Amino acid sequence: ENPASARSSSSKLSDKATKALHDRIRKLTTNWAEEERMCGKNVFYWNILSNEAMKNIAAETPTTMEELKQIALGEEIVKVYGTKIIKVVENFLEEQNLKQPPSKRALAEDSAES
């Protein structure tokens, strides 16, 4: 199978990997909503991240707060959940042995050298 053909035009990952990351983000968001309900708040996962937002995160694989902010989730969501969202994306990429895109790798190497 040609890796390029298995990749949706808008995603940096294969369709299978994008769906797996989306499922992981949904599970995380569902857990956050359950935690909020245990504390007496009437919150559901879609109040935290819409399906569209989860799809965008899975497609864009943000690994920095700046990249996450570009997805237009809303300032409060990024402030409250951003660090955990980034960790989930980074751990997923690492578990799947997926390398960061060259532009991110170059930035990481530049910052490591300074």
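First, a word on scope: everything that follows refers to the structure included in this document. (Residues numbered from 1 in each chain as written. Predicted model: local features only at pLDDT ≥ 70, side-chain atom pairs only at ≥ 80, totals over all residues. Heavy atoms only, no water.)

1. Examining the overall build of the chain
No. 1: Helix and strand content of the chain: 6 helices and 0 strands.
No. 2: From first element to last, N terminus to C terminus, the chain shows the α and β order α-α-α-α-α-α.
No. 3: For the chain, the proportion of contacts with a sequence separation of at least 24, taken over those separated by at least 6, is 58%.
No. 4: Working note: accessible area of the chain is about 7,600 Å², and carbon and sulfur atoms make up 50% of it. (Helix = DSSP H or I, 4+ residues; strand = E, 2+ residues; numbered from the N terminus. Contact = heavy atoms within 4.5 Å. Areas by Shrake-Rupley, 256 points an atom, 1.4 Å probe, with all protein chains shown as cover.)

2. Focus: the environment of asparagine 51
No. 1: Looking at where asparagine 51 falls in the secondary structure, it is placed in helix H3 (residues 51-60).
No. 2: With a relative accessible area of 31%, asparagine 51 lands in the partly exposed category.
No. 3: Each C-alpha atom, one on asparagine 51 and one on isoleucine 25, is 9.8 Å from the other, the two residues being 26 residues apart in sequence.
No. 4: If we ignore the near neighbours within four places in the chain, the residues touching asparagine 51 are His22, Arg26 and Tyr45.
No. 5: At 2.7 Å, the side chain of asparagine 51 and the side chain of arginine 26 are in polar contact. (Buried < 20%, exposed > 50% of the residue type's maximum accessible area, 1.4 Å probe, protein only. Polar contact = N/O pair within 3.5 Å; in protein donor to acceptor, adjacent residues only side chain to side chain.)

3. A word on helix H1 (residues 15-38)
No. 1: The first and last C-alpha atoms of H1 sit 34 Å apart over 24 residues, in line with the 34 Å expected at 1.5 Å per residue.
No. 2: Listing the buried residues of H1 in full gives Ala17, Thr18, Leu21, His22, Ile25, Thr29, Trp32 and Ala33.
No. 3: Looking at the packing, one finds that the buried side of H1 touches helix H2 (45-48), H3 and helix H5 (75-95).
No. 4: Once H1 ends, the next one or two residues include glycine 40, with phi positive near 95°. (Expected span 1.5 Å × (residues − 1).)

4. Some details on the nonpolar core
No. 1: Core analysis: the biggest nonpolar cluster contains 26 residues, and Leu49, Ile57 and Leu73 have the highest contact counts within it.
No. 2: Put simply, the parts of the chain that give this core at least two residues each are H1, H2, H3 and H5.
No. 3: Apart from residues no more than four positions distant in its own chain, leucine 49 is found in contact with Ile25, Thr29, Met54, Ile57, Leu73, Ile77 and Ile85. (Core = buried A, V, L, I, M, F, W, Y, C linked by side-chain atoms within 4.5 Å.)

5. Observations concerning the side chain of threonine 29
No. 1: Mapped onto the secondary structure, threonine 29 falls in helix H1.
No. 2: Those residues in contact with threonine 29 that sit more than four places away from it in its chain are Tyr45, Ile48, Leu49 and Met54.

6. A look at the pattern of salt bridges
Two side chains of opposite charge can pair, provided their charged atoms sit close to one another.
No. 1: Inspection of every chain in the model, using the stated rule, returns 4 salt bridges.
No. 2: Among the ionic pairs, lysine 19 bridges to aspartate 23, the shortest N-O distance being 2.9 Å. With lysine 19 and aspartate 23 both in helix H1 and 4 residues apart, the pair spans about one turn of that helix.
No. 3: With a closest N to O distance of 3.8 Å, glutamate 66 and lysine 69 form a salt bridge. Residue glutamate 66 and its partner lysine 69 are both found in helix H4 (residues 65-69); the two are separated by 3 residues, about one turn of the helix.
No. 4: Note on lysine 69: relative accessible area 49%, which makes it partly exposed. (Salt bridge = Lys/Arg side-chain N within 4 Å of Asp/Glu carboxyl O.)

7. Details of unusual backbone geometry
No. 1: One non-glycine residue with positive phi stands out, namely threonine 61, at about 45°.
No. 2: On the secondary structure map, threonine 61 appears in the loop between H3 and H4.
No. 3: Given a relative accessible area of 2%, threonine 61 falls into the buried group.

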